[in-house]
Amino acid sequence: TTGNAGTDTSVNFMGTTDNMPLRFKQQNQQLALWNKNLFNFSIGNNAGNNDAGFSNIAMGTSALRDNTNGNSNTAAGSSALLFNTTGFLNTAVGNFAGTLNKGGFENTFIGAASNFGTGIDSLTNATAIGYNSRVDTSNALILGSNASIGIGTSKPRFRLHVSNGGSGNLLNASNRSSREEVLCS
């Protein structure tokens, strides 16, 4: 086909003229939903499948699939926040990020498979950043899964390496019994 020409967007559009949500389906499977009444928007096979809650954004296959009453969630990636049902103000970016969250709120998952620890499905203000990172307690920030962290350096030599740009040591601490070290230079 050659497409349309001479269209006038005031009269030619794709959508509804009533107050019903706009759904896109293929083989009767939901691929996208735009609901201005609930402010829910989803793109992806079974993403935001229940169109429940308020002000949710789901992008990716099965993102926010099980949501029933959760509000103000953002899920980007295949199966991001998959099992969330009542959680709110959660953000998950990455395939399988935050899948274990069911009712937690104000959590952040950044990176593929970043999640809660095993057996946990509800925390508050918990953050897991990095591939396969796990957070097991509320009000906590986890950076990486078995990763070294560099602040002021791009090549950390220890689990936590803080550098002030080479103008002297800020702090150098180590636990010699466990051989874990923190280097600040």
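Please read these numbers as outputs of a predicted model, since none were measured by experiment.

## Overview of the overall build of the chain
Next, step 1: Summing up its helical and strand segments, the chain has zero helices and 15 strands in all.
Next, step 2: Residues classed as buried in the chain amount to 33% of the 185 residues present.
Next, step 3: Contacts in the chain between residues at least 24 apart in sequence constitute 2% of all its contacts with a sequence separation of at least 6.
Next, step 4: Taken as a whole, the chain presents about 10700 Å² of accessible surface, with 52% of it coming from carbon and sulfur.

## Some remarks on the nonpolar core
Next, step 1: In this structure, Ala75, Leu81, Ala92, Phe109, Phe116 and Val135 are the most contacted members of the largest nonpolar core, which totals 16 residues.
Next, step 2: Residues contacting phenylalanine 116, with those up to four places away along its chain left out, are Leu100, Asn101, Asn107, Phe109, Asp121, Ser122, Leu123, Ala126, Arg134, Val135 and Asp136.

## Things to note about the packing of aromatic side chains
Next, step 1: Enumeration according to the criterion identifies four aromatic pairs in this entry.
Next, step 2: Look at phenylalanine 24 and tryptophan 34: their rings are 5.1 Å apart centre to centre, the planes differ by 70°, and that puts the pair in the edge-to-face class. Residue phenylalanine 24 is found in strand β1 (residues 22-26), and its partner tryptophan 34 is found in strand β2 (residues 29-35); the two are separated by ten residues along the sequence.
Next, step 3: Judged by its relative accessible area of 24%, phenylalanine 24 falls in the partly exposed class.
Next, step 4: Seen from their ring centres, phenylalanine 39 and phenylalanine 54 are 5.3 Å apart, and the 85° between their planes marks the pair as edge-to-face. Pair noted here: phenylalanine 39 is in the loop between β2 and β3 (40-43) and phenylalanine 54 is in the loop between β3 and β4 (57-59), with a separation of 15 residues, a long-range link.

## Describing the pairing of β2
Next, step 1: Across five bridges, β1 lies against β2 in antiparallel orientation. Pairing of arginine 23 across the sheet is with leucine 33, part of β2.
Next, step 2: What sits between the antiparallel neighbours β1 and β2 is a turn of two residues, in which glutamine 27 has the positive phi angle 50°.
Next, step 3: As paired elements, β2 and β3 share four bridges and run antiparallel to each other. Opposite alanine 32, over in β3, you have isoleucine 43 as the bridge partner.

Rules used in this analysis
- Residues numbered from 1 in each chain as written.
- Predicted model: local features only at pLDDT ≥ 70, side-chain atom pairs only at ≥ 80, totals over all residues.
- Heavy atoms only, no water.
- Helix = DSSP H or I, 4+ residues; strand = E, 2+ residues; numbered from the N terminus.
- Buried < 20%, exposed > 50% of the residue type's maximum accessible area, 1.4 Å probe, protein only.
- Contact = heavy atoms within 4.5 Å.
- Areas by Shrake-Rupley, 256 points an atom, 1.4 Å probe, with all protein chains shown as cover.
- Core = buried A, V, L, I, M, F, W, Y, C linked by side-chain atoms within 4.5 Å.
- Phe/Tyr/Trp six-rings, centres within 6.5 Å; stacked < 30°, edge-to-face > 60°.
- Pairing = 2+ DSSP bridges.

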